[in-house]
Amino acid sequence: MNAPPAFPTLLSPIALGAHTLRNRTLMGSMHTGLDNLDRGVERLAAFYAERARGGAGLIVTGGFAMNLEALLDDHGPQLITPEQADALRPIPQAVHAEGGKILLQVLHTGRYGKTAQLVGASSIPSPINRRVPRTLGTAEVWRTIEDFVNCAELAMRAGFDGVEVMGSEGYFINQFTTTRCNDRTDEFGGSMANRHRLPVEIVRRTRERLGARALIMYRLSALDLVEGGAPAHEVIALAQAIEAAGADVINTGFGWHEAKVPTIAYLVPRAAFRFAAARIKRAIGIPLVISNRINVPEVAEDILAAGDADMVSMARPFLADPDFVRKAAAGRPDTINTCIACNQACLDFIFTNRPASCLVNPRAGRELEFMQMPAPTARRRIAVVGGGAAGLACAVTAAERGHQVTLYEAAPHIGGQLNLARAVPGKEEFHELVRYFGTRLDQEGVQVRLGQRPAAGELAAAEFDRIVVATGVRARRPGIQGLDHPKVVGYAELLSGRRQAGRRVAVIGAGGIGFDVAEYLLHEVADGGSPPAAEDEVSAFLTEWGVTTAPEVPGALQPPQPPRSLRSVTLLQRRPEKPGRTLGLSTGWALRARLEQRGLQTLSGCSYERIDDAGLHLRVNGEARLLEVDTVVICAGQESENALAVELRGVGIQPDVIGGAELASELDALRAIDQGTRLAMAL
Ligand code: NAP
Ligand code: SF4
């Protein structure tokens, strides 16, 4: 008997206007930093082609400006001239050659722009941009509509299947649709119909100009999550007007960029905003796409099968694994390299002017570079010692390249420090990374020796061709008197569940792990203790961040109601600045806000004197203090665990040393996986 098809709804075709997609997955638009054509269109074409080859049903490019005022910055991608359109041709060609379809996103950044010629609906600046936009005159708004249409026409000239009109995340179009930043008195301001006129006219005129063949998608802000944002009835009215104007499909976005509610970070539960998508879906006749924090096919299938949406947008999951669809279709979702929503190599790279890549998939955005790496000249016997992130990435990639790999891990399970990360509430996605590596080791036939700590002599006797030392890090023991007191706990002991903390806790060290430990400690709440069940996780998240499902509330915001934590926690550092500077750019603000809401105290400028029965004695900016705590958790960084490398050199073997064993400072999973993968590519 044949097995039933995997993910039957997600992987079924869908008609969008004149087009039929092979399945219901959308690789949503994201800024990649690869789209600057000075850096070569081939790189972008290779990036999208790999995702089309892996089965993505539809792809949307990053945003292209339709005029100079629309640019995000002076180097942002633009599509204004026929020459620019012709230069883009290799992108749709490459996607079509793989059986995929691709839309170009037309984006006006409005008051979020970082250019001198910033414009907007009104001269009301955004809280996240110091620049004040110039109010566009009425004729200029009509001219901008024409620019949108011209850009769509150029996209068709370039060979794209159509366009996505970007009407969410607080960009230019949103600045017209809500009263928050539109105080106009002309036909584009005032009444709801007037505020909706801009997007409706863009879609209507684009359809008129391009005809039925072009696929037109509109990205609608399903929840603004800002004060003065649209209530649900206005969102639905806009969706219906956009449908009537001729769009084939409506995509969704959740939260403006200036919203104080996280919408894509790891601490957002999966499919957290499903309720808002379902509400729109019920009110329109054309297909609706749901987005945000959907990273596994099981969740996608559940949403579609329940009829809450018609397609699922996944941008980062396709960065993490271009073969997402192919693996799901093969009934092997366990082999998908799942996006863990860390933002560390995608958004955080973009924010620091680096082309996007992916923590779990260093090939992402570097497809040409990896393709050009030479194949191995011989099948080698390779020992990898250490089954943390660096060792796992190295072992899997080396085995993929045909080498015979043996992986040694001292613990009874793989994962190393990843196992500590996944114990932190909100970081459960790290489970997926450990699961992925485990499956891949198995698939590639890596010999895994758990609970083994081979000595240099044993490795030498086995006559491996190469030995990779990935033995990781050990926690630093700071020189503080009383470190052996029973109330002192190491972060690894705490996060692994080997030790418990009391009600009053001091955390020494405010790096990434100090914050993770604070999160862990403050997660146990007073009313009931244990964390919410999965089905309650979304409502707990919405309540904590002040998001309401009540349709009449503008912007869907209500006062946040953080849970009352069981503990009092003080996070300490020696440096004088405010703690948290080293956290991820796009996720750190949300973590800091959540911990502050839960009552985290922080102290900077600390010098630690001793720990005793009374608590932690310290000086804060020179002033003597006693923190009367039950537990002191040490999170004072790490040192390399590289004794094996020294021993190997002692017996005349030059090992390759990677990850924390090579350099403990600023080691994270991003560097570990990248280094492990790249070493394996060179073996
Ligand atoms: P870390 O970021 O280096 O922080 C170590 C902390 O310990 C600092 O606050 C440091 O600040 C303090 N410290 C250092 N030496 C000390 C000493 N001798 N006595 C007392 N305090 C001392 O290390 P980590 O927190 O262990 O994190 C390790 C790596 O994992 C980092 O690269 C981090 O970015 C990464 N990570 C990232 C995340 C994330 O969410 N992105 C989460 C976890 C870990 P002072 O010197 O000012 O006291
Ligand atoms: Fe996902 Fe992190 Fe990769 Fe970004 S870097 S795509 S968030 S796993």
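Residues numbered from 1 in each chain as written. Chains lettered and ligands numbered in written order. Predicted model: local features only at pLDDT ≥ 70, side-chain atom pairs only at ≥ 80, totals over all residues. Heavy atoms only, no water.

J.: Would you explain the overall build of the protein chain in this entry?
T.: Counting secondary structure elements, the protein chain contains 23 helices and 27 strands. Computed over its C-alpha atoms, the radius of gyration of the protein chain comes to 27 Å, within 12% of the 26 Å expected for a compact globule of 683 residues. Principal-axis analysis of the C-alpha atoms places the extent of the protein chain at approximately 75 × 65 × 55 Å. Sorting the 683 residues of the protein chain into buried and exposed places 59% on the buried side. Across the protein chain, contacts joining residues at least 24 apart in sequence account for 73% of those joining residues at least 6 apart. Total accessible area on the protein chain stands at roughly 26400 Å², and carbon and sulfur atoms take up 50% of it. (Helix = DSSP H or I, 4+ residues; strand = E, 2+ residues; numbered from the N terminus. Rg over C-alpha atoms; globule rule 2.2 N^0.38 Å. Buried < 20%, exposed > 50% of the residue type's maximum accessible area, 1.4 Å probe, protein only. Contact = heavy atoms within 4.5 Å. Areas by Shrake-Rupley, 256 points an atom, 1.4 Å probe, with all protein chains shown as cover.)

J.: Is there a simple way to explain the site of ligand 1 in this structure?
T.: The local shell around ligand 1 holds 21 residues, among which Ala 510, Arg 574, Arg 575, Gln 638 and Leu 667 are the closest. A distance of 2.8 Å separates an oxygen atom of ligand 1 from a polar atom in the backbone of Arg 574. Taking 890 Å² as the accessible area of ligand 1 by itself, protein coverage stands at 81%. No other element matches helix H19 (residues 512–523), which puts three residues into the shell around ligand 1. Taken together, the residues of the shell around ligand 1 break down into seven nonpolar, seven polar and seven charged. Counting contributing residues, the shell around ligand 1 receives three or more from each of domain 2 (373–475 + 639–682) and domain 3 (488–524 + 565–636). (Near = heavy atom within 4 Å. Polar contact = N/O pair within 3.5 Å; in protein donor to acceptor, adjacent residues only side chain to side chain. Nonpolar A, V, L, I, M, F, W, Y, C, P; charged D, E, K, R; others polar. Domains from an automatic or database assignment.)

J.: How should the domain arrangement of the protein chain be read in this particular structure?
T.: How big an interface is tends to be stated in terms of the accessible area lost upon association of its parts. Assigned domains of the protein chain: these are domain 1 (14–370), domain 2 (373–475 + 639–682) and domain 3 (488–524 + 565–636). Once you take the C-alpha centre of each, domain 1 and domain 3 turn out to be 40 Å apart. The partner domain 3 presents eight residues to the 13 residues of domain 1 that form the contact. Looking only at domain 1, the three residues that lose the most surface to domain 3 are Tyr 266, Leu 267 and Asp 348, adding up to 52% of its buried area. For the pair domain 1 and domain 3, the number of links is zero salt bridges. When the residues that make up the side of domain 1 that touches domain 3 are grouped by side-chain class, the tally is nine nonpolar, two polar and two charged. (Buried area = accessible area lost by both parts, 1.4 Å probe. Salt bridge = Lys/Arg side-chain N within 4 Å of Asp/Glu carboxyl O.)

J.: Even after reading the chapter, I still don't get the packing of helix H14 (residues 389–400) against helix H16 (residues 430–443), so can you show me in this structure?
T.: Each packed pair of helices is defined by two parameters, the angle between the axes and the distance between the axes. With their axes 10 Å apart at the nearest point, H14 and H16 run at an angle of 30° to one another. When you trace H14 past H16, the crossing you get is left-handed. In this structure, H14 contributes Leu 392, Ala 393, Ala 395, Val 396 and Glu 400 to the contact, and H16 contributes Phe 437, Arg 440 and Leu 441. Tallied by class, the residues present in the contact of H14 with H16 amount to six nonpolar, no polar and two charged. (Axes fitted to C-alpha atoms, helices over the stretch in contact; angles between N-to-C directions. Left-handed = near helix turned anticlockwise from the far one by under 90°.)

J.: Explain the packing of aromatic side chains here, please?
T.: Inspection of every chain in the model, using the stated rule, returns eleven aromatic pairs. Ring centres 5.3 Å apart and planes at 15° place the aromatic pair Phe 254 and Phe 273 in the stacked group. Taken as a pair, Phe 254 in strand S10 (residues 249–254) and Phe 273 in the loop between S10 and helix H8 (274–281) lie far apart in primary sequence, 19 residues in all. By relative accessible area, which is 1% here, Phe 273 ends up buried. Of the aromatic side chains, those joined through ring pairs into one cluster are Trp 142, Phe 172, Phe 176 and Phe 188. Seen from the ring of Tyr 266, Lys 427 lies directly overhead, with NZ or CZ sitting 5.4 Å from the centre. (Phe/Tyr/Trp six-rings, centres within 6.5 Å; stacked < 30°, edge-to-face > 60°. Lys NZ or Arg CZ within 6 Å of the ring centre and 35° of its normal.)

J.: What should I look at first to understand the pattern of salt bridges in this one?
T.: Opposite charge on two side chains makes pairing possible when the charged atoms of those side chains draw close. The final tally for this structure, using the stated rule, is 50 salt bridges. Residue Glu 201 pairs with Arg 205 through a salt bridge whose shortest N-O separation is 2.9 Å. Note that Glu 201 and Arg 205 are positioned in helix H6 (residues 192–210) at a spacing of four residues, about one turn of the helix. You can call Glu 201 buried: its relative accessible area is 10%. The exposure class of Arg 205 is partly exposed, given its relative accessible area of 25%. A salt bridge links Asp 334 to Arg 332; the shortest N-O distance between them is 2.8 Å. On the accessibility criterion, Asp 334 (29% relative accessible area) is partly exposed.

J.: What am I meant to see in the pairing of strand S16 (residues 466–469) here?
T.: Residues in a regular strand project their side chains so that they alternate between the two faces of the sheet. Of the pairings in the sheet, the one linking strand S13 (residues 381–385) to S16 comprises four bridges and is parallel in character. Pairing of Val 385 across the sheet is with Val 469, part of S16. Relative to strand S27 (residues 656–657), S16 runs parallel, the two being bridged by two bridges. Looking at S27, one finds that Val 469 is bridged to Val 657. (Pairing = 2+ DSSP bridges.)

J.: So what exactly am I meant to see when it comes to the sheet that holds strand S20 (residues 568–572) here?
T.: The pairing of strands in a sheet comes from backbone hydrogen bonds and takes either a parallel or an antiparallel form. The five strands lie next to each other as S18-S25-S19-S20-S21, forming an open sheet whose pairing is parallel. Edge positions in the sheet fall to strand S18 (488–490) and strand S21 (601–603), since each has one partner strand and no second. Taken pair by pair, the neighbouring strands of this sheet meet at an average axis angle of 25°, ignoring direction. Relative to strand S25 (residues 631–634), S18 runs parallel, the two sharing three bridges.

J.: Before we go on, may I ask you to explain the environment of Pro 412 in this structure?
T.: Of note, Pro 412 is situated in the loop between strand S14 (404–409) and helix H15 (418–421). Separated by 181 residues in the primary sequence, Pro 412 and Ala 593 place their C-alpha atoms 37 Å from one another. Not counting the four nearest positions on each side in its chain, Pro 412 is found in contact with Leu 450 and Gly 451.

J.: Help me understand the sheet that holds strand S22 (residues 606–612), please; the structure alone is not making it clear to me.
T.: Read across the sheet, three strands follow the order S22-S23-S24 without closing on themselves; strand pairing throughout is antiparallel. Only two strands of the sheet have a single neighbouring strand rather than two, namely S22 and strand S24 (623–627). Pairwise comparison of adjacent strand axes, ignoring direction, gives a mean angle of 20° for this sheet. Sheet topology note: the S22/strand S23 (residues 615–620) ladder contains six bridges and is antiparallel. Bridge pairing links Arg 610 to His 617 in S23.

J.: Explanation requested: the packing of H19 against helix H21 (residues 588–597) in the structure shown.
T.: Between H19 and H21, the least distance of the axes is 11 Å, while the angle of their chain directions is 40°. Classified by the angle their axes make, H19 and H21 are oblique. Where H19 crosses over H21, the handedness of that crossing is left-handed. Taking contact as the criterion, the partners of Phe 515, Ala 518, Glu 519 and Leu 522 in H19 are, on H21, Leu 591, Arg 592, Arg 594 and Leu 595. Looking at the contact of H19 with H21 residue by residue, the class counts come to five nonpolar, no polar and three charged. (Parallel < 35°, antiparallel > 145°, perpendicular 65-115°, else oblique.)

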